[in-house]
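An overview of the molecular structure
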Amino acid sequence: MEDSRIGLPIGTALDRFIKRFQDDFPYATGELSQLLRDIALAGKVVNREVNKAGLVNLSGSIGADNVQGEDQQKLDVLANIRFIRALTKGGEACAIISEEDEHVIDLHNKGKYIIAIDPLDGSSNIDVNVSIGTIFSIYRRLSPVGSPVTSEDVLQPGINQVAAGYLLYGSSTILVYTTGKGVNGFTYEPTLGEYFLSHQDLIIPEEGRIYSINEAASLNFSDALIQYLNYCRENNHTARYIGSLVADFHRNLLKGGIYIYPGTPTYPDGKLRLMYECNALAFVVEQAGGKASTGNSRVMEIVPQEMHQRCPLFIGSKAMVAKAESLH
Ligand code: AHG
Ligand code: MN
Ligand code: MN
């Protein structure tokens, strides 16, 4: 069995992998490791909720007596509660930015880290048994630990991320993350309740054949984008669009492809959120040898002005993103 870049084979349990990684950093105190474990644990809980989502919506016969209050909330609210609870408990995080919360959640503690999270990505696919996910970014705070969290702490560019990744609740559940030393994927084995290394040192194919875009919006696309899509069609590409960013991204990461959510005249920054969708996947894709662009510039270099700000996204195989950029 081949070893991963940090010397552990396929099948290694996530905890062991995280521990080995921590041992590689002489001054690491284990706080980032703990955050990753907390995210993985909350992912297990959300995975369980996702799996029974269909059942709890059935009125009457199954679980109606037991399923009260919180369990009946919409899954994206529930996922938000689960992740915030997990990230708050250990004291490693001092602030959380979530898609589901208008303001920064300031934890007023001595934590070193700031987390940006999309607790449930692909909400429109929840009710129809299609893959959904969670996306996260982790930053180290810039101001001294113990002082009030500042807007500079919160609004950091993607290049400052210390870790980022996603959970995909799909035909199997997988946690994919990077700490800046490559990308690894851990598949969840529900009967053992453990994640195991299944995708080591992921590298996205430099060139791919899949393009993923919501073409219904094409009347608003720029000439450059229409030209690029024509190029895809003329060059034997194939279209795939799930409508869950995490799922579309993950497929393209493994198979080679490009995901595009462009800006349009009415929405120049598109739909996706810079801080908890674009940057995390940009860090992952760059670590896997791919590229993430707004169409003109590198996503991770944008300095956010506002925590919910949007950003056009061209992400995936390096050659495909470069080609789309060249037409822009
Ligand atoms: P969220 O469910 O977190 O609001 O994100 C939905 C996003 C993303 O997952 C997906 O790729 C995109 O919305 C789809 O948008 P369109 O329906 O406009 O194509
Ligand atoms: Mn989302
Ligand atoms: Mn969401």
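Small disclaimer: the values here were computed from a predicted structure and weren't measured.

**Some remarks on helix H6 (residues 223-234)**
Between its first and last C-alpha, H6 extends 16 Å over 12 residues, near the 16 Å set by a 1.5 Å rise per residue. Where the residues of H6 are buried, they touch strand E9 (210-212), strand E11 (257-261), strand E13 (313-316) and helix H9 (318-327). Of the residues flanking the end of H6, it is Asn236, one or two places downstream, whose phi is positive at about 65°.

**Some words on the pattern of salt bridges**
According to the stated counting rule, one finds 11 salt bridges in the structure shown. Across the salt bridge formed by Lys291 and Glu325, the nearest N and O atoms sit 3.3 Å from each other. With Lys291 in strand E12 (residues 291-293) and Glu325 in helix H9, the pair connects residues that are 34 residues apart, well separated along the chain. The salt bridge partner of Glu301 is Arg298, with a shortest N-O separation of 3.0 Å. Using a relative accessible area of 47% as the deciding quantity, one classes Glu301 as partly exposed. Arg298 sits in the partly exposed class, given a relative accessible area of 32%. Here the salt bridges do not stand alone but share partners, grouping Arg48, Glu49, Lys52 and Arg82 into one network.

**Some points on the sheet that holds strand E7 (residues 183-189)**
Read across the open sheet, the 8 strands follow the order E2-E1-E3-E4-E5-E6-E7-E8; overall the sheet is mixed. The open sheet terminates on both sides in strands that have one partner only, identified here as strand E2 (105-106) and strand E8 (194-199). When strand E6 (residues 173-178) meets E7, the two strands line up antiparallel, connected through 5 bridges. Within the sheet, the bridge partner assigned to Leu175 lies in E7 and is Phe186. Contacts from helix H4 (residues 75-89) reach strand E1 (93-98), E2, strand E3 (113-121), strand E4 (132-140) and strand E5 (161-169), with the element oriented near 155° to E3. Helix-sheet contacts for helix H8 (residues 274-287) involve E1, E3, E4, E5, E6 and E7, and the interaxial angle to E5 is about 100°.

Conventions and cut-offs
Residues numbered from 1 in each chain as written. Chains lettered and ligands numbered in written order. Predicted model: local features only at pLDDT ≥ 70, side-chain atom pairs only at ≥ 80, totals over all residues. Heavy atoms only, no water. Helix = DSSP H or I, 4+ residues; strand = E, 2+ residues; numbered from the N terminus. Expected span 1.5 Å × (residues − 1). Contact = heavy atoms within 4.5 Å. Salt bridge = Lys/Arg side-chain N within 4 Å of Asp/Glu carboxyl O. Buried < 20%, exposed > 50% of the residue type's maximum accessible area, 1.4 Å probe, protein only. Pairing = 2+ DSSP bridges. Axes fitted to C-alpha atoms, helices over the stretch in contact; angles between N-to-C directions.

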